[in-house]
Structures are given as C-alpha cells and as structure tokens.
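Examination of the molecular architecture
Next come the chains, spelled out residue by residue.
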Amino acid sequence: MTTTETPSNLDRLAALDPVFAQMVGATARYVRSIPELTDREKTFLCVTADVCQASLGLAFTAHVRAGLTAGVSTADIRELLRFVSYDCGYHAATAGIERITELEAELGLARPDAELLAPELVSTGPDAAPSPLPAEVRARLAELDPHFAGYFDLQSRMRTGHGPGTLTERERGLVSLSVDVHYQTLADTFRTHVGRALRGGAAPQDVRAALRFNAQFGVTRAWHAWEALNAILD
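Residues numbered from 1 in each chain as written. Predicted model: local features only at pLDDT ≥ 70, side-chain atom pairs only at ≥ 80, totals over all residues. Heavy atoms only, no water.

As a further point, take the overall build of the protein chain. Each helix and strand in the protein chain was counted, giving 13 helices and zero strands. For the protein chain, the succession of helices and strands along the chain, N to C, is α-α-α-α-α-α-α-α-α-α-α-α-α. By the compact-globule yardstick of 17 Å for 234 residues, the protein chain fits well, its C-alpha radius of gyration being 19 Å. Along the first, second and third principal axes, the C-alpha set of the protein chain runs to 65 × 45 × 25 Å. For the protein chain, the proportion of contacts with a sequence separation of at least 24, taken over those separated by at least 6, is 67%. Total accessible area on the protein chain is roughly 12800 Å²; 58% of this is exposed by carbon and sulfur atoms. Here the protein chain holds 22 positive side-chain charges and 29 negative ones, and the gap between their average locations is 2 Å. (Helix = DSSP H or I, 4+ residues; strand = E, 2+ residues; numbered from the N terminus. Rg over C-alpha atoms; globule rule 2.2 N^0.38 Å. Contact = heavy atoms within 4.5 Å. Areas by Shrake-Rupley, 256 points an atom, 1.4 Å probe, with all protein chains shown as cover. Lys, Arg positive; Asp, Glu negative; His and termini not counted. Charge placed at Lys NZ, Arg CZ, Asp CG, Glu CD.)

With 15 residues, helix 10 (residues 169-183) should reach 21 Å at 1.5 Å per residue; the first-to-last C-alpha distance of 21 Å fits that figure. Of all 15 residues in helix 10, 13 are buried, a share of seventy percent or more. Phi turns positive one or two residues past the end of helix 10, at Q184, with a value near 60 degrees. (Expected span 1.5 Å × (residues − 1). Buried < 20%, exposed > 50% of the residue type's maximum accessible area, 1.4 Å probe, protein only.)

Considering all chains together, one arrives at three aromatic pairs under this definition. Centre to centre, the rings of Y86 and F152 are 5.6 Å apart; their planes meet at 65 degrees, and the pair counts as edge-to-face. With Y86 in helix 5 (residues 74-88) and F152 in helix 9 (residues 146-157), the pair connects residues that are 66 residues apart, well separated along the chain. Owing to a relative accessible area of 18%, Y86 belongs among the buried residues under this scheme. Taking the centre distance of 5.0 Å and the plane angle of 75 degrees together, the rings of F148 and F152 count as edge-to-face. Taken together, the residues F148 and F152, both in helix 9 and four residues apart, mark about one turn of the helix. With a relative accessible area of 35%, F148 lands in the partly exposed category. (Phe/Tyr/Trp six-rings, centres within 6.5 Å; stacked < 30°, edge-to-face > 60°.)

Looking now at the pattern of salt bridges. Summed over the entire model, instances satisfying the criterion amount to 12 salt bridges. Between E41 and R170 there is a salt bridge, with its nearest N and O atoms 2.5 Å apart. Placement of E41 in helix 3 (residues 39-52) and of R170 in helix 10 is noted, with a sequence separation of 129 residues between them. We classify R170 as buried; its relative accessible area is 16%. In this structure, R99 engages E102 in a salt bridge whose closest nitrogen and oxygen atoms are separated by 3.0 Å. Placement of the pair is R99 and E102 together in helix 6 (residues 90-106), with a separation of three residues, close to one helical turn. Look at R99 and you get buried, because its relative accessible area is 14%. Taking the relative accessible area as the measure of exposure, E102 reaches 37% and is therefore partly exposed. Ionic contacts of the salt-bridge type, sharing partners, join the residues R40, D76 and E171 into one network. (Salt bridge = Lys/Arg side-chain N within 4 Å of Asp/Glu carboxyl O.)

Of all hydrophobic cores here, the largest spans 23 residues; its most connected members are L37, L174, L177, F190, V207 and F213. Elements represented by at least two residues in this core include exactly helix 3, helix 10, helix 11 (188-199), helix 12 (204-214) and helix 13 (219-233). In terms of residue count, the dominant contributor to this core is helix 12 (five residues). For F190, the residues in contact, after removing those within four places along its chain, are L177, D180, V181, T185, A225, A228, L229 and I232. Formed by 21 residues, the second largest nonpolar core is a distinct cluster that contains V72, V84, I100 and V175. (Core = buried A, V, L, I, M, F, W, Y, C linked by side-chain atoms within 4.5 Å.)

Take a look at the structure:
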C-alpha cells in the first residue's frame, strides 16, 4: 500500500515555475524568521494582505493551512475578516468569507458557530449603544460629514468585542496599520492605527517587525510606509 503526500505550496508553485518557487521559498524563510511576531499574528497579516490585494487563490489557501498548523482556527480567521471589513471594505471581505467557507468544506472542517451581535450594536436608532470612538476622533469625523461620522459609530460598535474568540488590541492595531500599508493610506489613519498597536502592548520594535513582514506583499509600498512610520516613531 502506498501513501500519497499532499503537495506543499512550494511543490505547487514549482510545478508552475521552479525558479519562482525558489524565490518564494527564500522570501518566506527570511520574513518568517522575524522574532517579534507570533505565528498567529503572521497568519493574520498574511490573510489581511490576501484580502486587501484580492489574492484568494493559492496564496490564501497556503496562509490558511499554515495558520491551522500553528493553531489558528478558521473561527479566528473569520473574526479577522469581520474586523478588516471596516478598512478594506465589505466587498473585499465578502470574498474572503466566501473563500474560507469553501476551504472549510474542502478540508472537512465544521463551520464554527458564532453568537450574533446584540441589537444595540447593530442599531443606528435611539436604542443604539454609545459610540466607542474617542470624542476627539468623532468630532473630526462629524466636521467632515455627520452621516460619515454615524457610519464610523456603527462600524466601531460592531467591533467592540474583546476576549476569547476575538482579536486582541495589539492584533487589531497591527492588522489595521497593515491595511494602511496595502492601500498606502499613510497619514492620519496610519498614525491612529500605529497608536492602537502601541496602546495594545506592542513595542515600537514590534510595529517595525509588522512592517518588515509586510515587505513581502509589495516592497515599494513598504518603502513608503517606512518613511511614514519612522516619522511617527522617531
């Protein structure tokens, strides 16, 4: 009786282009060696890049599989996708939700249960929960447009949960600033998200490590982000 091993991501790439597979392997080894980030955080940063750059094929599958090996569940990835929809847009996150559902079926994994949000978190009427936005941030948004400020209130309320099954404040900050890198929104939102990561317990070297890790998703984007980050941290 013979056993057939499942081909690895690099095996699949080598079948397409062996030189490119070498390049990917060397790059992955280099960035995966960054010590300041956990395997869970590296998985989240990879999946965030996949969604922001609409790369939901081989790369997304490989990143999810690597996450599962490191103990990151599909429930964790679903929570990540719900969170990043705030910044990357619901259309992009919807494609990620669709793909993770397909992968759960392909891998024989049960779709995780999730408790629905409380009515006051999804309401925009008089029964809505108070906005969790800092007063100064909400005031700036209201100056731009009251309806836009209301949209931010709704999005922030729906993402207030912390604890088991959700992202930590550090993870939220590292993921959010990574979205800024992908979209090159490197002014106010980038500064805000760097601050969130720091408030969540990340040290400056951890934030820099996240940016080092993101270089694999576009070195020119990372270059511009380095200039913005150094202006914030130095």
